[in-house]
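# Summary of structural features
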Amino acid sequence: MSVKYRTEASNDDGGTGVSSVAGGMSIAVASPLNPDRDPAASNPEQLLALAWATCLNATARVFVPRDQRTAVRVVVELHDATEGPGYEFHVDAYLSVEGADPAETERVLTAAHARCPVSKLLADSATVRVHAETYAVS
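Residues numbered from 1 in each chain as written. Predicted model: local features only at pLDDT ≥ 70, side-chain atom pairs only at ≥ 80, totals over all residues. Heavy atoms only, no water.

## Digging into the overall build of the protein chain
- Helix and strand content of the protein chain: three helices and six strands.
- Along the chain direction, N to C, the helices and strands of the protein chain fall in the order β-β-β-α-β-β-α-α-β.
- Dimensions of the protein chain along its principal axes, counting C-alpha atoms only, are 45 × 35 × 35 Å.
- The buried share among the 138 residues of the protein chain stands at 29%.
- Partitioning the contacts of the protein chain with sequence separation of at least 6, the portion at a separation of at least 24 is 46%.
- Here the protein chain displays about 9200 Å² of accessible surface, and carbon together with sulfur accounts for 54% of that area. (Helix = DSSP H or I, 4+ residues; strand = E, 2+ residues; numbered from the N terminus. Buried < 20%, exposed > 50% of the residue type's maximum accessible area, 1.4 Å probe, protein only. Contact = heavy atoms within 4.5 Å. Areas by Shrake-Rupley, 256 points an atom, 1.4 Å probe, with all protein chains shown as cover.)

The following block contains the structure:
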């Protein structure tokens, strides 16, 4: 299996500080649970939502005509873990296809979710769901 792309990220500060991509961007991070956090800092929940929304929508574009628009929104919630200590993510992705009926939107969602690398990473989690929805211009 050949590597198509590789990147590396690091964090030396934990939940408050900076996360960096090797040779690329640095992002201030702060726990969303910290009342004194920097409001401009990001957090793992936001980064997960961005990663999946971007990947799933880019993948969905493969299954529609070039001039047809798609949109994906991802909602990430942080919950107390149902089992064991700590927390868990509850993640919902919503995909819509411009001008498509519900059956066509569901077809695109199923195909994109099966192909998207982030979807594959999350697929076996009981707290991850995907939904087809009516397209709305934002």
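## A word on the layout of surface pockets
- A volume near 210 Å³ is recorded for the largest pocket.
- Secondary-structure elements contributing two or more residues to the lining of the largest pocket are β2 (17-21) and α1 (44-60).
- Here the lining of the largest pocket takes four residues from α1, the largest share from any one element.
- Residues that form the lining of the largest pocket fall into these classes: eight nonpolar, two polar and no charged. (1 Å grid on protein atoms, 1.4 Å probe; cavity = no way out; pocket = protein on both sides within 12 Å on 5 of 7 lines; lining within 4 Å. Points joined across faces, edges and corners; volume = space filled by probe spheres on them. Nonpolar A, V, L, I, M, F, W, Y, C, P; charged D, E, K, R; others polar.)

## Regarding the sheet that holds β2
- Strand order in this open sheet of three strands is β1-β2-β3, and the pairing throughout is antiparallel. Both edges of this open sheet fall to β1 (9-11) and β3 (26-29), since each of them pairs with a single strand only. On average, adjacent strands in this sheet sit at an angle of 20° to one another, irrespective of strand direction.
- In the sheet, β2 pairs with β3 via four bridges, with the strands oriented antiparallel. In the sheet register, Ser-20 faces β3, and the bridge partner there is Ser-26. (Pairing = 2+ DSSP bridges. Axes fitted to C-alpha atoms, helices over the stretch in contact; angles between N-to-C directions.)

## Section: the sheet that holds strand β6 (residues 128-132)
- The three strands lie next to each other as β4-β5-β6, forming an open sheet whose pairing is mixed. The sheet is open, and its two borders are formed by β4 (70-80) and β6, each paired with just one other strand. Strand-to-strand twist in this sheet, taken as the mean axis angle between neighbours without regard to direction, amounts to 15°.
- Here β4 pairs with strand β5 (residues 87-97) via eleven bridges, running antiparallel. In the sheet register, Val-74 faces β5, and the bridge partner there is Ala-93.
- Helix-sheet contacts for α1 involve β4, β5 and β6, and the interaxial angle to β4 is about 150°.

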